[in-house]
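# Tertiary structure, described
So the chains spell out like this:
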Amino acid sequence: MVGYDPEAKSVSTAEAAAAGSASGFVTRVLVSPLDVIKIRFQLQIEQLSSRSPGAKYHGILQAVQRIFQEEGLRAFWKGHVPAQLLSVGYGAVQFMAFESLTKLVHNVTSYDARDSFVHFVCGGLAACTATVAVQPVDTLRTRFAAQGEPKIYRNLRHAVVTMYQTEGPRTFYRGLTPTIIAIFPYAGLQFSFYNILQQFSGWVIPAEGKKGGNVKNLVCGSCAGIISKTLTYPFDLFKKRLQVGGFEHARAAFGQVRMYRGLLDCMRQILREEGPGGFFKGLSPSLLKAAVSTGLIFFWYELFCSLLCTLKSTDSTTRKEG
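Below, the structure is looked at part by part. A quick note: this is a predicted structure, and the numbers were derived from the prediction, not measured. Numbering of residues begins from 1 in every chain and follows the order in which that chain's sequence is written. Selection of residues for local features in this predicted model requires a pLDDT of at least 70, selection of side-chain atom pairs for listing and counting requires 80 or more, and totals for whole chains, interfaces and linings are taken over all residues. To obtain the side-chain values, all non-hydrogen atoms of the structure were used and water was disregarded.

### Quick look at the pattern of salt bridges
- What counts as a salt bridge is simple: a side-chain nitrogen of Lys or Arg found within 4 Å of a carboxyl oxygen of Asp or Glu. Considering all chains together, one arrives at 19 salt bridges under this definition.
- When the shortest N-O distance is used, the salt bridge between Lys 229 and Asp 236 registers 3.6 Å.
- The salt bridge involving Lys 239 is made with Asp 236; its shortest N-O contact spans 3.7 Å. Highlighted residues: Lys 239 and Asp 236, both in helix H7 (residues 213-243), separated by 3 residues, approximately one helical turn.
- Residue exposure (1.4 Å probe, protein chains only): buried if accessible area is under 20% of the type maximum, exposed if over 50%, otherwise partly exposed. According to the relative accessible area criterion, Asp 236 is buried, its value standing at 9%.
- A single salt-bridge network, built from bridges that share partners, covers Arg 28, Asp 35, Lys 38, Asp 138, Lys 229, Asp 236, Lys 239, Lys 240 and Lys 289. The helix count covers DSSP runs of H or I at least four residues long, the strand count covers runs of E at least two residues long, and both are numbered beginning at the N terminus.

### A closer look at the side chain of Glu 99
- Structurally, Glu 99 can be placed in helix H3 (residues 80-108).
- Salt bridges are absent for the buried Glu 99, whose nearest opposite-charge side chain, Lys 103, sits at 9.1 Å.
- Nitrogen and oxygen atoms within 3.5 Å of one another constitute a polar contact, given that in protein one can donate a hydrogen and the other can accept it, and given that sequence-neighbouring residues count only through two side-chain atoms. Only 2.7 Å separates the side chain of Glu 99 from the side chain of Tyr 301, close enough to count as a polar contact. As used throughout, the charge tally considers Lys and Arg to be positive and Asp and Glu to be negative, leaving His and the chain termini uncounted.

### Observations regarding empty space enclosed by the protein
- Here a cavity denotes a set of grid points, spaced 1 Å apart and computed over the protein atoms alone, in which a 1.4 Å probe fits but from which it cannot get out, and a pocket denotes an open set meeting protein on both sides within 12 Å along at least five of seven lines; residues with an atom within 4 Å of a point are reported as lining. Grid points are joined across faces, edges and corners, and a volume is the space filled by probe spheres set on the points. Using the criterion set out here, one finds 3 cavities of 30 Å³ or more in the structure.
- When its volume is computed, the largest cavity comes out at roughly 760 Å³.
- Lining the largest cavity we find 38 residues, and of these Arg 28, Tyr 90, Ile 183, Tyr 186 and Lys 289 sit closest to its centre.
- Contributing elements (two or more residues each) for the lining of the largest cavity: helix H1 (13-43), H3, helix H4 (116-146), helix H6 (176-204), H7 and helix H9 (283-321).
- With 8 residues, the single largest contributor to the lining of the largest cavity is H6.
- Throughout, the ten residues Ala, Val, Leu, Ile, Met, Phe, Trp, Tyr, Cys and Pro are labelled nonpolar, Asp, Glu, Lys and Arg are labelled charged, and all others, Gly among them, are labelled polar. The class makeup of the residues in the lining of the largest cavity is 15 nonpolar, 13 polar and 10 charged.

### Describing H4
- The length a helix should cover is 1.5 Å for every residue beyond the first. Taking 1.5 Å of rise per residue, 31 residues should cover 45 Å, yet H4 covers just 37 Å from first to last C-alpha, more than 12% shy of that figure.
- Of all the bends in H4, the greatest reaches close to 60° and is centred on Val 134; the proline Pro 136 follows between one and four positions later.
- Within H4, 23 of the 31 residues are buried, which leaves the element mostly enclosed by the surrounding structure. The bend reported for a residue corresponds to the angle between axes fitted to the seven residues ending at that residue and the seven starting there.

### Overview of a nonpolar patch on the surface
- In this analysis, a patch consists of residues with relative accessible area above 30% that form no salt bridge, clustered at 9 Å for like charges and at 5 Å for the nonpolar side chains Val, Leu, Ile, Met, Phe, Trp and Tyr. Only the protein chains shown count as covering a residue, and every accessible area follows the Shrake-Rupley method with a 1.4 Å probe. Residues Phe 25, Val 29, Leu 30, Phe 68, Leu 73 and Trp 77 make up a contiguous nonpolar surface patch of roughly 580 Å² in combined accessible area.
- The element contributing the most residues to the nonpolar patch is H1, with 3 residues.
- Looking at the element boundaries, Leu 73 is found in the loop between helix H2 (60-71) and H3.

### Some remarks on the layout of surface pockets
- Considering only enclosed or pocket space, the second largest pocket measures out at about 310 Å³ in volume.
- Surrounding the second largest pocket, 17 residues form its lining, Arg 74, Trp 77, Lys 78, Gly 79 and Lys 151 being those nearest its centre.
- Residue contributions to the lining of the second largest pocket peak at 3 residues, all from H3.
- Here the residues of the lining of the second largest pocket sort into 7 nonpolar, 4 polar and 6 charged.

### Considerations on the packing of aromatic side chains
- When two rings of Phe, Tyr or Trp (its six-membered ring) have centres within 6.5 Å they constitute a pair, described as stacked for plane angles under 30 degrees, edge-to-face for angles over 60, and tilted for the intermediate range. One pass over the structure, following the stated rule, counts 13 aromatic pairs.
- Pairing Phe 299 with Trp 300 gives two aromatic rings, centres 5.1 Å apart and planes at 75°, and the pair type is edge-to-face.
- Exposure remark for Phe 299: the relative accessible area of 17% places this residue in the buried category.
- Overall, Trp 300 belongs to the partly exposed group, its relative accessible area being 21%.
- Considering the side-chain rings of Trp 300 and Phe 304, the 5.7 Å spacing of their centres and the 25° angle between planes classify their relative orientation as stacked. Of this pair, Trp 300 and Phe 304 both sit in helix H9, 4 residues apart, roughly one helical turn.
- These aromatic residues form a ring-pair network of at least three members: Phe 95, Phe 98, Phe 191, Tyr 194, Phe 298 and Tyr 301.

Following this line, the structure appears as C-alpha cells:
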C-alpha cells in the first residue's frame, strides 16, 4: 500500500492524506512520553551520567522517575496539542506527496515506482515538503516539551503571541536548515528500507505464513526507523538546540544553557564542550521512539488504507447491485 503500485489497488490523494493523518494521530498519542524524554536529553549540556556534576538526567528510567516526581504524569504529554497538529499535518502532507510522486515517476519516467531508490528520493522529497509545512508547529512543540516549572507559556495561543512579539516571525523557523538537511535522507531511508524489508520478507516468509501482514508491516517499519534514525541522528539534535534559542531563561532549571549563532556554531560548540558523544545525546530513547513510531506509522497507514479500499470496494459493489 505504501507507494504507487500499478498492479495493486491504490488509494487516491485524498485517501492517502486521510490515512496519513489518522496514523500520525494514533502514533503521537502512544509515543509522546518517549519524545519528551528524548528532547530533554538532547537539550542537556551536561553529560548523561550520574558521575557528571549538575546533570539533571542520567538515563531513561531515572528521567522517567524525576519528571514524574517533579512535574506529574501529564508532563509526558507536554506540548501534546502542537505535537498532534504536527503529526496530523505532517502525516497528511508526507503520504499524500509520496503517493503522488511515486505515481508521477511511474507515469512520466522509465523507472519502476516500486524500486527502492525511487522510494528513497520520493520519500525524501515528500518529507521535505511536509517539514516546511509544519515547521512552526514543530518549534512550538519543542518549546512546550522543553519548558519546566513555572511555565513560560500558558497555552498555545500565549506561546504564539509571545514568540511573535518578542522574537519575530523567523523564530518559528528556527532549526529549519538542519531539519531539511536531515529529513531528506532520514525519510528517504525510512521509505527505502521499508520497501527493501517488505520485499525481503516476501521472499523469506513462505506463502502460508503471510497471513500476519499487519505484524510484518510493524516489524519492517520498526527496523527501517532504527536504521534511518541512527544514520541521521546528529541533525535532529542540532535542530532541537537551535529551536530553543532565545528561550534560555526557561531552561535554567535543567542545568547549563548555551546560545548558538547558527548550525556551524552549534556543531563547533557541542564538539568542543561535549565531545563527539554530544552529537548522540538522547540516542537511546530516540531509537526506541523511532522503532515504535515508524513501525506504528506504517502499520496504521497500511491498515487505514486497507480499510478505505475495502469501504470503497463495498460501496462500489452496493451501487452495482442497486
